[in-house]
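So you can see what is in the structure, the chains are spelled out below.
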Amino acid sequence: MSLTMPDVYRPLVPVRLDVDRWATRRTRRKILAVVHTVTAGQRLLEALTLLEGDARVQVFFTQAPDVFSHGVDLFLERMGGLVLPWHQAVQLPFDLAVAAAHGGLQELHAPVIVLPHGAGHNKLMPAGQRGRPVAGRGIYGLDRQWLIQDGRLVPETIVLAHHEDLTRLGRECPEALPAAEVVGDPCSDRITASLPQRALYRDALGAGARQQLVAVCSTWGPGSLLGCQWELLERLVDELPREDFRVALLLHPHVWNAHGEWQIRSWLAGLVRSGLLVISQHADWVGALVAADHIVGDHGSVSLYGAMTGVPVLMGNNVPDGDLDPGSPAAELASFAPRLHADRPLDRQLARAAAAYRAERYEQVAARITSEPGRFAVRMRALIYRKLRLRAPAVRPRTDHAPLPATVRHDAWGYAR
């Protein structure tokens, strides 16, 4: 009978006390990436890829407790990161931790950088969240209820995308202002870098030169486009002539992970047979957004990023204005974006929205997404190395355009083998 400690309880090599005996490369700093959800993990990768090529740094990953944690284990497995179980991660010291959500961060033994996991901070917290009375709903990510624990500010650094967020943070949690740093927005920068590649993205999605591509973007939850207007997606697929239109669906990762990929494929199988393109949850969504001629969305971040693409953003009649901060760019977009009406032909509504499109209104909203356009990579890397107390590499980081969009394979839907 073996008396050795089971592997599942044995510390991984780079964090063992006798690490010098086992590790191939001796690193100078250890970073913990705290992944609450797939969405948060995707945002963290935007920052962590800025460390590529630096053998002085070892990055660990851990899955933090979260109601939307389903799918994180597969995300981390596909990525190939070195994963520590949460119970071990909260017992070990790290030189830095990075996160894009807030749950459990007070348990870590590391200075913490928190990034927004979407296009800034637009949504109000659910009524009564974390003991907050219904009358006083705060802005998620800027709210004192998340940032202060036991009288202590948990994040050492709060990353913001725009200088106007400083004012909003000052209203919500003034004691957090010294920790705030305006860095920019990585998705905004990738969209800008990808716009010149629009024709390639359209070709990858099979959109012909005379076809118009309609990108349908749904966030998660009962107030989302798919949550309360499923029939709108059905109508877009059924009513728009196939020779003139293609319809592509971009779903928030929480939709995939709350219901499961099999169930989403099952629900959408008939629409896929009728021509719907479903962007894979494992693919980059930027290319599909850039390729669109029309964007049909809701109050989610992808719809807001659509304001940058130079095409009209239309909304269903379901935008829950009460869930948006009235002073946010998402609320501004929702205030003027055309609504799609169930009792009118959809092709005519799309044509009318395109004819009435006013670039300056969308540009005004887009300018509120980031006040540091094109500078996220430079500023975020500088912040990380400053916190690590290391000199940053001399090579200037760059923002690449998005890879080609990928749809769920035809044979994955079960009706074509």
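Residues numbered from 1 in each chain as written. Predicted model: local features only at pLDDT ≥ 70, side-chain atom pairs only at ≥ 80, totals over all residues. Heavy atoms only, no water.

(A) Fine view of the overall build of the chain. In terms of helices and strands, the chain carries 18 helices and 14 strands. The 417 residues of the chain split such that 53% are buried. Of all intrachain contacts in the chain linking residues separated by at least 6 positions in sequence, the fraction that spans at least 24 positions is 69%. Summed over all atoms, the accessible surface of the chain reaches about 19,300 Å², with 52% contributed by carbon and sulfur. (Helix = DSSP H or I, 4+ residues; strand = E, 2+ residues; numbered from the N terminus. Buried < 20%, exposed > 50% of the residue type's maximum accessible area, 1.4 Å probe, protein only. Contact = heavy atoms within 4.5 Å. Areas by Shrake-Rupley, 256 points an atom, 1.4 Å probe, with all protein chains shown as cover.)

(B) Summary view of the side chain of aspartate 284. For aspartate 284, the location among the structural elements is in the loop between strand S12 (277–278) and helix H13 (286–291). A distance of 2.7 Å separates the side chain of aspartate 284 from the backbone nitrogen of valine 286, its partner in a polar contact. Contact partners of aspartate 284, with chain neighbours within four places excluded, come to Arg190, Ala402, Pro403 and Pro405. (Polar contact = N/O pair within 3.5 Å; in protein donor to acceptor, adjacent residues only side chain to side chain.)

(C) View of the sheet that holds strand S9 (residues 180–182). The seven strands are arranged S3-S2-S1-S4-S5-S8-S9 in an open sheet whose pairing can be described as parallel. Two strands bound the open sheet, and with one partner strand each, they are strand S3 (83–84) and S9. Pairing of strand S1 (residues 29–35) with strand S4 (residues 96–99), which is carried by four bridges, proceeds in the parallel orientation. For valine 34, the partnering residue across the bridge sits in S4 and is alanine 99. (Pairing = 2+ DSSP bridges.)

(D) Region of interest: the packing of aromatic side chains. Taken as a whole and judged by the stated rule, the model has six aromatic pairs. An angle of 85° between the planes, with centres 5.2 Å apart, marks the rings of phenylalanine 336 and tyrosine 362 as edge-to-face. Taken together, the positions of phenylalanine 336 in helix H15 (residues 329–336) and tyrosine 362 in helix H17 (residues 359–366) put the pair 26 residues apart, joining distant regions of the chain. Comparing phenylalanine 336 with tyrosine 362, the two get one shared label, buried. (Phe/Tyr/Trp six-rings, centres within 6.5 Å; stacked < 30°, edge-to-face > 60°.)

(E) View of the packing of H15 against H17. At a closest axis distance of 9 Å, the pairing of H15 and H17 adopts a crossing angle of 160°. With respect to their mutual orientation, H15 and H17 come out roughly antiparallel. In terms of crossing hand, the pair formed by H15 and H17 is left-handed. Across the interface between the two elements, Pro329, Glu332, Leu333 and Phe336 from H15 touch Arg361, Tyr362, Gln364 and Val365 from H17. Of the residues contributing to the contact of H15 with H17, the split by class is five nonpolar, one polar and two charged. (Axes fitted to C-alpha atoms, helices over the stretch in contact; angles between N-to-C directions. Parallel < 35°, antiparallel > 145°, perpendicular 65-115°, else oblique. Left-handed = near helix turned anticlockwise from the far one by under 90°. Nonpolar A, V, L, I, M, F, W, Y, C, P; charged D, E, K, R; others polar.)

(F) A look at H15. Taken across its eight residues, H15 has seven buried, putting it largely inside the fold. Buried within H15 we find Pro329, Ala330, Ala331, Glu332, Leu333, Ala334 and Phe336. Tucked inside the fold, the buried residues of H15 contact helix H6 (164–172), helix H14 (301–305), strand S14 (313–315) and H17.

(G) Just the pattern of salt bridges, in detail. Applying the stated criterion to the full structure yields 17 salt bridges. Glutamate 261 is paired through a salt bridge with arginine 265; the nearest N and O atoms lie 4.0 Å apart. Taken together, the residues glutamate 261 and arginine 265, both in helix H12 (residues 261–273) and four residues apart, mark about one turn of the helix. Classification of glutamate 261 by relative accessible area gives partly exposed; the value is 30%. (Salt bridge = Lys/Arg side-chain N within 4 Å of Asp/Glu carboxyl O.)

(H) Layout of the environment of histidine 294. On the secondary structure map, histidine 294 appears in strand S13 (residues 294–297). In the structure, histidine 294 is positioned 78 residues away from valine 216 in sequence and 8.5 Å away in space, judged by C-alpha atoms. Excluding its chain neighbours within four sequence positions, the residues that come into contact with histidine 294 are Gln212, Leu213, Val214, Ala215, Phe245, Val311, Pro312, Leu314, Leu350 and Ala354.

(I) A look at the pairing of S4. The side-chain alternation of S4 yields two buried faces, one formed by Leu96 and Val98 and the other by Ala97 and Ala99. With three bridges connecting them, S4 and strand S5 (residues 112–114) associate as parallel partners. If you follow valine 98 over to S5, its bridge partner there is isoleucine 113.

(J) Unusual backbone geometry, seen in detail. In this structure, aspartate 150 is a non-glycine residue whose phi angle is positive, near 55°. In this fold, aspartate 150 is placed in the loop between strand S6 (148–149) and strand S7 (152–153). For arginine 389, which is not glycine, the phi dihedral falls at a positive 60°. Locating arginine 389 in the fold gives a position in the segment after helix H18 (376–388). We classify arginine 389 as exposed; its relative accessible area is 61%.

(K) Geometry of the nonpolar core. Formed by 41 residues in total, the largest nonpolar core has its most connected members in Ile191, Trp285, Ile295, Tyr305 and Leu333. Within the residue set of this core, elements represented by two or more residues are helix H7 (186–194), strand S10 (212–218), strand S11 (245–251), H13, H14, S14, H15 and H17. Residues Val57, Leu115, Val159 and Leu390 belong to the second largest nonpolar core, which totals 31 residues. (Core = buried A, V, L, I, M, F, W, Y, C linked by side-chain atoms within 4.5 Å.)

(L) Main features of the confidence of the model for the chain. Per-residue pLDDT for the chain averages 89, and the proportion of residues at 70 or more is 89%. Note that pLDDT drops below 50 for residues 1–10; the model gives that stretch three contacts with residues more than four away or on any other chain. Predicted confidence is poor over residues 129–135, with pLDDT under 50, and the contacts of this stretch with residues over four places away or in other chains come to eleven contacts. (pLDDT = per-residue confidence, 0-100.)

(M) Representation of H7 within the structure. Of all nine residues in H7, seven are buried; the element is thus mostly enclosed. Those residues of H7 not exposed but buried are Pro186, Cys187, Ser188, Asp189, Arg190, Ile191 and Ser194. The elements touched by buried residues of H7 are helix H2 (38–48), helix H8 (198–204), H13, H14 and H18.

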